[in-house]
Amino acid sequence: MTAEASGLQVRGLTVDYRSEGGRIHALRNVDIEVPAGSIVGVVGESGCGKSSVISSIIRQLPENADVTGGTIGFGGNNLLDLSKPEMRRIMGDRISVVFQNPMTSLNPIRSIGKQMIDIQYRSGRSKAEKRKVAIDMLNRVGVTDPEARLDQYSYQFSGGMCQRIAIAMALMAEPSLLIADEPTTALDATLEVQIVDLLKNMQQELGCSILFVSHHLGVIAELCDHVVVLYAGEVVEQGAVRDIFHRPAHPYTRRLMECEPGMIETVTRRLPSIAGEVPGLVNLPKGCIFADRCTERFARCEAEHPELQQISDSHRVACHLADENGGRP
Ligand SMILES: Nc1ncnc2c1ncn2[C@@H]1O[C@H](COP(=O)(O)OP(=O)(O)OP(=O)(O)O)[C@@H](O)[C@H]1O
């Protein structure tokens, strides 16, 4: 069983929120490429724009949001151009989402089995076949005794088991893209490792792509092929996982790394807090968005906005230091 390969190409995505205090420039010119069959992580502190990216892709931005620029390429379409019914079809068949709280996906008053059968409504399978597929999927995500458990309700499962079931439901349609929105954040460290392993195995088995959004650097390092570091609505660094974790080029990424010794060996550590706060996004600074928190800033940083520049085949950074240092951190 292999999902049809389809990557995701977010290009120049720019999103504002209208607010009483003015327009909040939540995402500015964001590029995220998820090649078919790969796992790409998006990391950033709270308020950096992770939810805005996901909501843009699945077209669930709140009423006060305006997409003022960019495209979201998927399967030959710009998702931003699709009608609601077209988008619903894509969300049912080709893109699935796993949320931080599995209860977002699970209905508490319907048995797990009924929900897993309902979700196959377009499959053309008989009820018995749908039940068999549900049992098989529960087995694959590591729910023991799936036949008996199909008749149970979400409250009868632990948090980790609920997340496994939510992942099973998300994968039922064999999507080509799975969006995982902090799916391990609510779990303890042991369960987090198990869910990361599960996602890795399922991705290999199904051949789908995964966009994995998290503020847990360790999880990103364990799971992802490629990492996008988002800061205050901008991509400040992106690259292969080895680039980001062994040669972080942006001071923001480095601050995260410094506070995470041994991060590669464990997936249990959390993003540290860095001095200062993500800035308000109504009045943007002229220069670098990270300058006021950056211990390595120099005059140019406050005067000129750094653009993302290539510093190796797979590595891009938006920092003036890259010029100062001949393209290397
Ligand atoms: N509906 C909204 N109206 C106004 N501002 C919003 C709205 N949603 C998000 N924002 C603002 O947009 C920016 C990005 O928020 P977003 O929720 O995308 O970040 P995040 O990285 O997902 O944070 P978190 O991890 O806390 O969810 C923040 O400055 C936030 O305050």
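Residues numbered from 1 in each chain as written. Predicted model: local features only at pLDDT ≥ 70, side-chain atom pairs only at ≥ 80, totals over all residues. Heavy atoms only, no water.

Within an unreviewed UniProt entry, the label attached to the protein reads Peptide ABC transporter ATP-binding protein, and the organism entered is Roseovarius indicus. Quoted straight from UniProt, the Subcellular location (unreviewed entry) entry for the protein says "Cell inner membrane". (UniProt positions renumbered as here; feature names shortened; annotations may be inferred.)

**Thoughts on the packing of aromatic side chains**
In total, this model carries 4 aromatic pairs according to the counting rule given. Between the aromatic rings of tyrosine 153 and tyrosine 155, the centroid separation amounts to 6.2 Å while the plane-to-plane angle is 15°, which identifies the pairing as stacked. Through a chain of ring-to-ring contacts, three or more aromatic side chains come together here, namely Tyr231, Tyr252 and Phe290. (Phe/Tyr/Trp six-rings, centres within 6.5 Å; stacked < 30°, edge-to-face > 60°.)

**Quick notes on the UniProt feature "domain: ABC transporter" (unreviewed entry) in the protein**
The UniProt feature table records "domain: ABC transporter" (unreviewed entry) at residues 10-257. Measuring from the first to the last C-alpha atom of residues 10-257 gives 26 Å, for a span that is 38% helix and 27% strand. (Helix = DSSP H or I, 4+ residues; strand = E, 2+ residues; numbered from the N terminus.)

**Some points on the layout of surface pockets**
In this structure, the largest pocket spans a volume of roughly 1,200 Å³. Taken together, 37 residues line the largest pocket, and the ones lying closest to its centre are Met87, Arg88, Met91, Gly92 and Ile95. Those elements giving two or more residues to the lining of the largest pocket turn out to be strand E4 (65-74), helix H2 (84-93), strand E6 (95-98) and helix H6 (159-171). Residues that form the lining of the largest pocket fall into these classes: 18 nonpolar, 9 polar and 10 charged. For the lining of the largest pocket, the domains that each give at least three residues are domain 1 (8-94 + 176-191 + 203-325) and domain 2 (103-174). Lining the second largest pocket we find Arg28, Asn29, Asp31, Glu234, Val235, His305, Pro306, Glu307, Leu308 and Ala318. The dominant element in the lining of the second largest pocket, judged by the number of residues it contributes, is strand E2 (residues 22-34), at 3 residues. Looking at side-chain class alone, the lining of the second largest pocket contains 4 nonpolar, 2 polar and 4 charged residues. (1 Å grid on protein atoms, 1.4 Å probe; cavity = no way out; pocket = protein on both sides within 12 Å on 5 of 7 lines; lining within 4 Å. Points joined across faces, edges and corners; volume = space filled by probe spheres on them. Nonpolar A, V, L, I, M, F, W, Y, C, P; charged D, E, K, R; others polar. Domains from an automatic or database assignment.)

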